[in-house]
Amino acid sequence: MAGYVVVGSQWGDEGKGKVVDLLGSHTDMVVRFQGGNNAGHTVVVNGEKTVLHLLPSGILNTESLCVIGPGVVVNPFVLFEEIDKLEAGGLKCDHVRVSDRAHLLMPYHVYLDELQEARAGKNKIGTTKNGIGPCYADKYTRIGIRVCDLRDWDVFCEKLETVLEIKNEEIVKLYNGKPFDLEEMKEKFAAIRERILPMIIDASDKIEKALDADKVVLFEGAQANMLDINYGTYPYVTSSSPTIAGVCEGAGISPFKLDRCIGVVKAYSTRVGEGPFVTELLDETGKSLREKGGEYGATTGRPRRCGWLDLCVVKQACRINGLTDIALTKTDVLSGYEKLPVCVAYEIDGKTYDTVPASLKDYGRAKPVYKVFDGWTEDISSVRRFEDLPENCQKYIRFIEEYTKTPLCLVSVSPERDANIILRELITE
Ligand code: GDP
Ligand code: IMO
Ligand code: MG
């Protein structure tokens, strides 16, 4: 058995794509288990950048099966756009499979996301407007349409007709929007159906068999614990479970089949969309982190909010996921700052806490308690051995390990696949 999990440990965009691609060259299967094309995972190989939204970031290894699992919400039009783009660039995508149980993210979900956000006004969540929330809502209301429904055209059309009536009523009556035409939508799906049918599998069974045959299976999380529907800053979260718990639910796998869980941690913090962010820097330093780190959304292009590293957030990721390893990314971006504050606790009404409070009213008032490190000036992007890092950089990194009581497996020092300091063997085959 070799079940590996990679999850985000802050607010997303930690560099999960890079870590999954790196590990992906040694895997037999890479599985997405939650979320949808709200994810934007970047992989850089020899200067060539690929951004993945629905496809697993193991896609560049054509020997490894890439599975879109049961817990994912699949916009099939986005899926084929992504595949077509990669194939036009010369990468064959015959190794992509889609779970029969995954829910289809429909055009009305995308439209409703937009309408809901517009109606919410100043209370908007700041979603990616890709229809993620409306699709998961339908799944739990039990009016979702699943990938397996495409196998039987009559079943699909019947379900679509019933649901579209409800959705159109909502669109017109509640939002004064433009309804969808049933026949037009059927036509669009008829065209795409032929392409998706050969890719459909019973993913849970396939993954279980691979694990039982001692294959290396890597589960790729999207988003992160602070965007988790249960443990994030609700309601400023996504609509799925981006943690290790999501793997069991969203891939149909027992927790006892998982061996290792790597949490990807950015050396500072970023957040896209609304919601509390205790260490946010609204000054020139925040701007400089954004520019130096290229902190613009891989999915929406929105500027990311930036701030110092918040270890209370990372500690929560360690606890919820039982992280066995931390992969630290973007350490190179911190070169050139005289002082590097790291948040080790929150102060709320004169009391200190090292956990994230549930109430946003409390969390919104939290002040960061910082431990301040001395910075370094050297460019570290070509360093490959820990002992060659500037001493202050070593101290900063070691403190993360000490505070979280979780060992680091790698320190990433540039977007490139091979630009890492490896501290622990990544895959033991
Ligand atoms: P993901 O959503 O977690 O996969 O992360 P994103 O791809 O949205 O954002 C991470 C960004 O940081 C991408 O542009 C990566 O190419 C880049 N990146 C990853 N690791 C490093 C690193 O160690 N240093 C620098 N400078 N950039 C990195
Ligand atoms: P990756 O996988 C960063 C954020 C959105 C918004 C909230 C809800 O690249 O790390 P949604 O569209 O999911 O309903 O939006 O979650 N969000 C992300 N932020 N990285 C992501 O994915 C995100 N996916 C969603 O900005 O605040
Ligand atoms: Mg991203």
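None of the values given here were measured: they were computed from a predicted structure. (Residues numbered from 1 in each chain as written. Chains lettered and ligands numbered in written order. Predicted model: local features only at pLDDT ≥ 70, side-chain atom pairs only at ≥ 80, totals over all residues. Heavy atoms only, no water.)

Draft legend 1. The arrangement of the sheet that holds strand β5 (residues 65-68) in detail. Strand order in the open sheet formed by ten strands is β9-β7-β5-β2-β10-β1-β11-β15-β19-β20, and the pairing between neighbours is mixed. On the outer flanks of this sheet lie β9 (200-201) and β20 (420-422), each paired with one strand and no other. As defined by bridge partners, strand β15 (residues 325-329) adjoins strand β19 (residues 408-412) across three bridges and the pair is classed as parallel. When the bridges of β19 are listed, Leu328 appears paired with Val411. Strand contacts of helix α8 (residues 244-251): β1 (2-8), β2 (29-32), β10 (216-220) and β11 (260-266), with the helix running at about 120 degrees to β1, the strand carrying the most contacts. (Pairing = 2+ DSSP bridges. Helix = DSSP H or I, 4+ residues; strand = E, 2+ residues; numbered from the N terminus. Contact = heavy atoms within 4.5 Å. Axes fitted to C-alpha atoms, helices over the stretch in contact; angles between N-to-C directions.)

Draft legend 2. Spotlight on the domain arrangement of the protein. Domain annotation of the protein identifies domain 1 (2-91 + 202-422) and domain 2 (103-199). Computed over C-alpha atoms only, the centres of domain 1 and domain 2 are separated by 29 Å. Each partner contributes to the interface: domain 1 provides 29 residues, whereas domain 2 provides 24 residues. Buried surface at the junction of domain 1 and domain 2, summed over both partners, amounts to about 2100 Å²; 62% is from carbon and sulfur atoms. (Domains from an automatic or database assignment. Buried area = accessible area lost by both parts, 1.4 Å probe.)

Draft legend 3. Focus on the environment of Lys361. Summarising the element assignment, Lys361 is placed in helix α11 (residues 360-365). Of the residues examined, Lys361 reaches a relative accessible area of 68% and is grouped as exposed. Taking C-alpha positions, Lys361 is 15 Å from Tyr231, a pair spaced 130 residues apart along the chain. (Buried < 20%, exposed > 50% of the residue type's maximum accessible area, 1.4 Å probe, protein only.)

Draft legend 4. The coordination of the magnesium ion (ligand 3), seen in detail. Those protein atoms acting as donors to the magnesium ion (ligand 3) are Asp13 (OD) and Gly40 (O), and they sit at 2.1 to 2.2 Å. With Asp13 in the loop between β1 and α1 (16-24) and Gly40 in the loop between β2 and β3 (41-45), this residue pair connects regions lying 27 residues apart in the sequence. For Gly40, a relative accessible area of 12% gives the class buried. (Donors = N, O, S within 2.8 Å, 3.2 Å for Na, K, Ca; no water.)

Draft legend 5. Representation of the environment of Lys173 in the model. Among the secondary structure elements, Lys173 is positioned in helix α5 (residues 153-174). Relative accessible area serves as the criterion here: at 65%, Lys173 is assigned to the exposed category.

Draft legend 6. A look at the pattern of salt bridges. Overall, the coordinates contain 30 salt bridges when judged by the stated rule. The residue Asp100 makes a salt bridge to Arg101 at a minimum N-O spacing of 3.9 Å. The partly exposed category is assigned to Arg101, whose relative accessible area is 46%. Across the pair Arg424 and Asp325 runs a salt bridge, and its minimum N-O distance is 2.7 Å. Taken together, the positions of Arg424 in the segment after β20 and Asp325 in strand β15 put the pair 99 residues apart, joining distant regions of the chain. Residue classification places Arg424 among the partly exposed positions, given a relative accessible area of 34%. It is possible to trace a salt-bridge network through shared partners that takes in Asp13, Lys266, Glu295, Arg304 and Lys330. (Salt bridge = Lys/Arg side-chain N within 4 Å of Asp/Glu carboxyl O.)

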